[in-house]
Amino acid sequence: EDGAGRAFLFNEKSMRPKMLMLKGLREEEEVLERLHGMLKESSKTRHFPQHILDGASELCSSEWAHRMVTCEESMQALSEQSVEEAITSVLGSSTHGFTPAKFEAGYTEILKAVQKLTQERSTSVAEERKDLERELQQLEDQIAACFSKMDEDCTGSVTREHFVAFVCGEDDGNGQGSSADIAAADAEDLFDKMSRGRQ
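Please read all numbers here as calculations on a predicted model, not as lab measurements.

(A) How the structure looks around the overall build of the chain. Counting its secondary structure elements, the chain contains eight helices and zero strands. Helices and strands in the chain line up, N terminus first, as α-α-α-α-α-α-α-α. Among the 199 residues that make up the chain, the fraction classed as buried is 37%. Sequence-distant contacts in the chain: of pairs separated by 6 or more residues, those separated by 24 or more amount to 65%. Summed over all atoms, the accessible surface of the chain reaches about 12,100 Å², with 47% contributed by carbon and sulfur.

The following block contains the structure:
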């Protein structure tokens, strides 16, 4: 049972990748929130940026998307694919491309479509983040249970050495190592994160 708990805490599908994923989701959520605000303001107050049309003739949706992402500061955090999706949702699809006049005429609606897609992605990321936070809370509860088991003297603290020995299976009560295959460096890293460097 102890070995299963150790493996659960340090399995590559368990805590470390989830913590990295959570960090990425939080960062993406912040970017999307800022971007949504910028796009909302742009769709209300900004005039059409004429420099997007420089040297353009009939361009396909992917080429217009590239120009928008390249020329518009508020678009630079977006993928060209998502911007192209917004363009085709407004202008439709065409094998011949779209003239500058048609693109300019639909630009305000394209901005609104980009804003909508950004909001949808932001909502999706927020839901993913909340689900992952719940999963990590369960892992943290499991860690707390391990700490409680290690705190045999009920002192309310566990040394790094005791923690590493426990999770690495160096002291299983039978004089044999655990098969959990947990590296001491990983155990020490987790201990430091949880204790914020306190011994």
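On we go.
(B) Region of the structure containing helix α7 (residues 160–167). The element α7 is extensively covered by neighbouring structure, given that six of its eight residues are classed as buried. Within the span of α7, buried status applies to R160, F163, V164, A165, F166 and V167.

(C) Geometry of the packing of aromatic side chains. If you walk through the whole model with that rule in mind, you get four aromatic pairs. With centroids separated by 6.2 Å and ring planes inclined at 70°, the aromatic side chains of F48 and F103 adopt a geometry described as edge-to-face. Within this pair, whereas F48 is found in the loop between α2 (15–45) and α3 (61–71), its partner F103 is found in helix α5 (residues 100–105), the two being separated by 55 residues in sequence. Owing to a relative accessible area of 17%, F48 belongs among the buried residues under this scheme. Given a relative accessible area of 0%, F103 falls into the buried group. Aromatic side chains W64 and F103 sit 4.1 Å apart centroid to centroid with 5° between the ring planes, which places their arrangement in the stacked category.

(D) Molecular detail of the nonpolar core. Ranked by size, the top nonpolar core spans 24 residues in total, and within it W64, M68, M75, V83, I87 and F103 carry the most contacts. For this core, the elements supplying multiple residues, two or more each, are α2, α3, α4 (80–91) and α6 (107–150). Here this core gets five residues from one element, more than from any other, and that element is α6. Counting residues in hydrophobic clusters, the runner-up holds 12 residues, among them I143, V158, F163 and F166.

Rules of the game
- Residues numbered from 1 in each chain as written.
- Predicted model: local features only at pLDDT ≥ 70, side-chain atom pairs only at ≥ 80, totals over all residues.
- Heavy atoms only, no water.
- Helix = DSSP H or I, 4+ residues; strand = E, 2+ residues; numbered from the N terminus.
- Buried < 20%, exposed > 50% of the residue type's maximum accessible area, 1.4 Å probe, protein only.
- Contact = heavy atoms within 4.5 Å.
- Areas by Shrake-Rupley, 256 points an atom, 1.4 Å probe, with all protein chains shown as cover.
- Phe/Tyr/Trp six-rings, centres within 6.5 Å; stacked < 30°, edge-to-face > 60°.
- Core = buried A, V, L, I, M, F, W, Y, C linked by side-chain atoms within 4.5 Å.

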